[in-house]
Amino acid sequence: MTVRFGVIGADHLHLFQMVDRLVAAGATAVAHAPSGGLVAMYAGWQKESQECSAHDILADDSISLVVLAGVPAERAPVAVSALLAGKHVLSDKPGVTTMAQLDAVRAAIGGREGRPWTVLFSERFENRAIGEAVAMARAGAVGKVVHVVGAGPHLLSAKHRPSWFWDDAATGGILVDIGSHQADQFLAVAVGTHGPSAAAVVQHASVGNAACPDHPDMQDIGSMSLVANGVVGDHRLDYLTADGLGTWGDVRLTIVGTEGVIEARANVDVAGAEGAEHLIVVDSEGTRRVDVSERPVDWADLLLADLADGGERLMSQAHVVAVCDLVLCAQQAATKWGEA
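A brief structural summary.

About the thresholds
- Residues numbered from 1 in each chain as written.
- Predicted model: local features only at pLDDT ≥ 70, side-chain atom pairs only at ≥ 80, totals over all residues.
- Heavy atoms only, no water.
- Disulfide = S-S within 2.5 Å.
- Helix = DSSP H or I, 4+ residues; strand = E, 2+ residues; numbered from the N terminus.
- Expected span 1.5 Å × (residues − 1).
- Buried < 20%, exposed > 50% of the residue type's maximum accessible area, 1.4 Å probe, protein only.
- Core = buried A, V, L, I, M, F, W, Y, C linked by side-chain atoms within 4.5 Å.
- Contact = heavy atoms within 4.5 Å.
- Phe/Tyr/Trp six-rings, centres within 6.5 Å; stacked < 30°, edge-to-face > 60°.
- Lys NZ or Arg CZ within 6 Å of the ring centre and 35° of its normal.
- Pairing = 2+ DSSP bridges.
- Right-handed = clockwise from strand over helix to strand, strands pointing away.

Side note on the state of the cysteines
When the sulfur atoms of two cysteines share a covalent bond, that bond is a disulfide. Going through the model one piece at a time under the given rule, you end up with 0 disulfides. With no disulfide of its own, Cys 329 lies 11 Å from the sulfur of Cys 324, the closest cysteine sulfur.

As for helix α12 (residues 317-333)
In this model, α12 (17 residues) spans 24 Å end to end at C-alpha, consistent with the 24 Å of a helix rising 1.5 Å per residue. Extensive coverage of α12 is indicated by the burial of 12 of its 17 residues. Turning to α12, its buried residues number three or more, namely Gln 317, His 319, Val 320, Val 321, Ala 322, Val 323, Cys 324, Leu 326, Val 327, Leu 328, Ala 330 and Gln 331.

Considering the nonpolar core
Core analysis: the largest hydrophobic core is formed by 102 residues, its most contacted members being Phe 5, Leu 22, Trp 117 and Trp 299. In terms of residue count, α12 provides more of this core than any other element does, 9 residues in total. Discounting chain neighbours no more than four positions away, the residues touching Trp 299 are Gln 17, Met 18, Arg 21, Leu 22, Leu 90, Leu 120, Phe 125, Glu 126 and Leu 314.

Structural notes on the packing of aromatic side chains
Inspection of every chain in the model, using the stated rule, returns 5 aromatic pairs. Ring-pair connections join several aromatic residues into one group, and the members of that group are Phe 16, Tyr 42 and Trp 45. The ring centre of Phe 125 lies 4.3 Å from the NZ or CZ of Arg 124, which sits over that ring. Stacked on the ring of Phe 165, the Lys or Arg Arg 161 has its end atom at 4.2 Å from the ring centre.

A few points about helix α1 (residues 14-24)
Residues of α1 that are buried include every one of His 14, Leu 15, Phe 16, Met 18, Val 19 and Leu 22, and no others. In the segment just after α1, Gly 26 is the residue with positive phi, at about 115°.

With respect to the pairing of strand β6 (residues 117-120)
Going residue by residue along β6, you find Trp 117 and Val 119 tucked away on one face and Thr 118 and Leu 120 tucked away on the opposite face as well. Of the strand pairs in this sheet, strand β5 (residues 88-92) and β6 are connected by 4 bridges, and their pairing is parallel. From the neighbouring strand, Asp 92 faces β6, where its bridge partner is Leu 120. In this fold, the crossover linking β5 to β6 by way of helix α5 (residues 99-109) has right-handed handedness.

Focus: the sheet that holds strand β9 (residues 221-228)
Spatially, the 9 strands line up as an open sheet ordered β14-β13-β12-β11-β7-β10-β9-β8-β15, and their pairing is mixed. The open sheet has two edge strands, β14 (286-289) and β15 (335-336), and neither has a second partner. Taken together, the 8 bridges between β9 and strand β10 (residues 231-238) define a ladder with antiparallel strand orientation. The partner of Ala 228 across the bridge, within β10, is Val 231.

Here you go:
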């Protein structure tokens, strides 16, 4: 059966990547709510999608999946309504911006089987170097993992940002927003993504504003140190990428094991090889680059398969909730940047 989906909220460009993958996997975009700064662009792209209210999308029994890419703080309330209406939800990250929202989503999930609420952590699912690095580490390629280092620097592109971008109440803060990628990767390496999530704790977190004096309340830099299953994770997020880089950020993931190191350079190999998705391994045999060009980007296929039978091929519901809980705890615990 073809999965029919509706879009509620069009405020982030991730929406186009999400929908493109879903359609390529065989789903059909049938409806969209008239909300979000990118809705006109979306309607012009998905010409067969009918504009209707969010209420009508949730009331349509033929629509089984709701895709959310609105203002981050507005995603969870819509997700709760969709879950209570019996829909599955695919949300852009972050799926929630407060602990109260996460509690509401948990309650709406209730005892449903499978993974009715999916947050797409696109750095791992869309970037083949990061995806392969996680898979290799889980398979024991570098022995026992002891340390994970994640960096998520971004280009600010201030003149292209919507007004809600500068409001931490709308985004949840830098650790909740872009930090969810790093928390997802850390837990995927340290614990795995297909079973009950082991306890993870925040050792230290900090946030600050280093270079945005016109928006003093906005957080343009943050860090968090996490521990789970005997693995330590150190992560830095920022909007300090220089314009000369040529891409939106120099995202990296380094996994240190007892028998080697894996490094994924997601977007660019600075002063090195051309292109993106670089994976470098150092072990007892030497130093080598791993070609990830044939690795499938198949998250949408796995998601649709999970929708069909209530499976958790893509990741478990416990993993999604654990990632959100971890970054919310980090954001709540964060001290001011540069202070102990």
